[in-house]
Protein chains: 2
Amino acid sequence: MDRIPILRMGEFLLVTIQVDMHDQLALSLQEDLTQRVQKTGARGVLIDISALDIVDSFIGRMLATIAGTARLLDAQTAVVGMQPAVAITLVELGLQLRGVRTALDVEKGMTLLRAALERRA
Amino acid sequence: MDRIPILRMGEFLLVTIQVDMHDQLALSLQEDLTQRVQKTGARGVLIDISALDIVDSFIGRMLATIAGTARLLDAQTAVVGMQPAVAITLVELGLQLRGVRTALDVEKGMTLLRAALERRA
């Protein structure tokens, strides 16, 4: 697979990451997401990582980069579905994903993003 | 990966298929989806296959089985995001996915399922 599908859900974009992210795939995802945010005028990006047992510093950085880029295009990012073990590892690695909102699942993530958008409106 | 994540979106469940489905993965998905429909009382299942370049008879049958099982549990299924080339191949293979609703993308799939549920209400 060379592209991760990006699904549009109203004003949000949704990505579920299911496979190991090698460099090229991560770059493509960042590019695709940025373009889709710009093209669709999406206000939020939801990234579901519930399928990932391991999130290393590479993925951690990718998530932070996506969130940072989306923010510049006026969209908020929420990373959802993180497994508890992944959260522990990330903190142990010193990767606390600052600037990235998190929620337990997609629904809670949407609620979070909607609330964030309302505060800004 | 041994499990495909199933995301809950309100009254619907959403699955995006991104990887080649070997037998065990397909069986797990069918089982997981059935259980989630029953547990959550979901009224609809959306299966996004936009990442698939090839849908063979194995996947075709899996989609039909999922739709059939969901129907018995009172949930409608929509397969969304099918690539045109995939549609051609399916028809050439004689697999027309009867009993499976299709839509161009997740949003249209949701609209389709909502309309189907309203007609039944």
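Placed above this text is the structure.
Residues numbered from 1 in each chain as written. Chains lettered and ligands numbered in written order. Predicted model: local features only at pLDDT ≥ 70, side-chain atom pairs only at ≥ 80, totals over all residues. Heavy atoms only, no water.

Draft legend 1. Structural detail: the sheet that holds strand β3 (residues 44–48) of chain A. Residues and elements named next belong to chain A. Taken in spatial order, the five strands of this open sheet run β1-β2-β3-β4-β5, and their pairing is mixed. In the strand order of this sheet, the two ends are held by β1 (7–9) and β5 (101–103), each with one partner. Sheet twist, expressed as the mean angle between neighbouring strand axes with direction ignored, is 30°. Judged from the three bridges that link them, β1 and strand β2 (residues 12–16) form a sheet pairing that is antiparallel. Its bridge partner being in β2, Leu-7 is matched across the sheet by Leu-14. Sheet strands in contact with helix α2 (residues 57–72) are β3 and β4 (76–80), and its direction is about 155° off that of β4. Packing of helix α4 (residues 106–120) onto the sheet brings it into contact with β1, β2, β3, β4 and β5, and relative to β4 it is tilted by some 160°. (Pairing = 2+ DSSP bridges. Helix = DSSP H or I, 4+ residues; strand = E, 2+ residues; numbered from the N terminus. Axes fitted to C-alpha atoms, helices over the stretch in contact; angles between N-to-C directions. Contact = heavy atoms within 4.5 Å.)

Draft legend 2. Summary view of the interface of chain B and chain A. Counting residues at the interface gives 17 residues for chain B and 17 residues for chain A. For the pairing of chain B and chain A, the buried interface totals around 1500 Å² over both sides, and the portion due to carbon and sulfur atoms is 64%. Between chain B and chain A we count five residue pairs in polar contact (both at pLDDT 80 or more) in total. Of all the elements in the fold, those that place two or more residues in the side of chain B that touches chain A are β1 (7–9), β2 (12–16) and α4 (106–120) of chain B. Among the residues making up the side of chain B that touches chain A, the classes are represented as ten nonpolar, four polar and three charged. (Buried area = accessible area lost by both parts, 1.4 Å probe. Polar contact = N/O pair within 3.5 Å; in protein donor to acceptor, adjacent residues only side chain to side chain. Nonpolar A, V, L, I, M, F, W, Y, C, P; charged D, E, K, R; others polar.)

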